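# Results of the structural survey
Listed here are the chains, written in short residue letters.
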Amino acid sequence: DVGIGTISPDYQLDIENSSHAVARLHAGTNSSASLRLQNDAQHWDVNLQTNDKFAIYDHTAGTQPFTIMPTTGNVGIGDDNPDNKLLEQLLQLIS
């Protein structure tokens, strides 16, 4: 186990701080930064893409079920190029 800010880590990677704990993944120019979560059945990425979109990507299904656009803040659920805010999308669905 590896500890950052602790001499007795409880996990494979354990980051501890008395205030705010921050882990940073910093990618180079025109590159993506991802946190990959995987078990024996499912494989997900929490991702800042090369096109600057924030996304949750399902590698198992090959889909991107959640997207936030970088400049507008538009949110897509099942839409990787949303043109509305989340509230606007929800209002459209119920009307």
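Computed from a predicted structure; not experimentally measured. (Residues numbered from 1 in each chain as written. Predicted model: local features only at pLDDT ≥ 70, side-chain atom pairs only at ≥ 80, totals over all residues. Heavy atoms only, no water.)

## Observations regarding the overall build of the protein chain
Test applied: The way it works is that DSSP assigns letters per residue, a run of H or I at least four long becomes a helix, a run of E at least two long becomes a strand, and they are numbered from the N terminus. Atoms counted for the radius of gyration: C-alpha only. Globule rule: 2.2 Å times residue count to the power 0.38. Throughout, exposure labels follow a simple rule: accessible area from a 1.4 Å probe, protein chains only, divided by the maximum for the residue type, with under 20% read as buried, over 50% as exposed, and the rest as partly exposed. Two residues qualify as a contact provided that any one of their heavy atoms is within 4.5 Å of a heavy atom in the partner residue. When charges are counted, Lys and Arg are positive and Asp and Glu negative, with His and the chain ends excluded. Where a charge sits is defined by one atom per residue type, namely NZ (Lys), CZ (Arg), CG (Asp) or CD (Glu).
Secondary structure summary: the protein chain contains one helix and seven strands in total. Ordering the α and β elements of the protein chain from the N terminus gives β-β-β-β-β-β-β-α. Computed over the C-alpha atoms, the radius of gyration of the protein chain is 17 Å, more than 25% above the 12 Å expected from 2.2 N^0.38 for a compact globule of 95 residues. Counting every position in the protein chain, which comprises 95 residues, the buried fraction comes to 20%. In the protein chain, the share of contacts with a sequence separation of at least 24, taken over all contacts with a separation of at least 6, comes to 2%. Each charge sign in the protein chain was given a centre, from 4 positive and 12 negative side chains, and these centres are 10 Å apart.

## Structural notes on the environment of leucine 91
With respect to the helices and strands, leucine 91 occurs in helix H1 (residues 86–94). What makes leucine 91 partly exposed here is its relative accessible area of 47%. Sequence separation of leucine 91 and serine 19 is 72 residues, and the distance between their C-alpha atoms is 39 Å.

## Focus on the environment of glycine 76
Within the fold, glycine 76 resides in strand S7 (residues 75–77). Taking the C-alpha atoms as reference, glycine 76 lies 9.2 Å from alanine 55; in sequence the two are 21 residues apart. Apart from the residues within four sequence positions on either side, glycine 76 is in contact with Pro65, Phe66, Thr67, Pro82 and Gln89.

## Considering unusual backbone geometry
Despite not being glycine, asparagine 30 has its phi angle at roughly 55°, a positive value. Positive phi outside glycine occurs at aspartate 52, with the angle close to 75°. You can see aspartate 52 is positioned in the loop between strand S4 (43–48) and strand S5 (54–58).

## So, a nonpolar patch on the surface
Using the following cut-off: Patches here are clusters of residues that have more than 30% relative accessible area and form no salt bridge, with a 9 Å joining cutoff for like charges and a 5 Å cutoff for nonpolar side chains (Val, Leu, Ile, Met, Phe, Trp, Tyr). Exposure was quantified through the Shrake-Rupley algorithm and a 1.4 Å probe, taking into account, for residues, occlusion by the shown protein chains and nothing else. Within this document, salt bridges are pairs made up of a side-chain nitrogen of Lys or Arg and a carboxyl oxygen of Asp or Glu, the two lying within 4 Å of each other.
Judged by side-chain polarity, Ile77, Leu86, Leu87, Leu90, Leu91, Leu93 and Ile94 come together as a nonpolar surface patch covering roughly 750 Å² of accessible area. Considering each element in turn, the nonpolar patch owes the most residues, six residues, to H1. Along the chain, the position of isoleucine 94 falls in helix H1.

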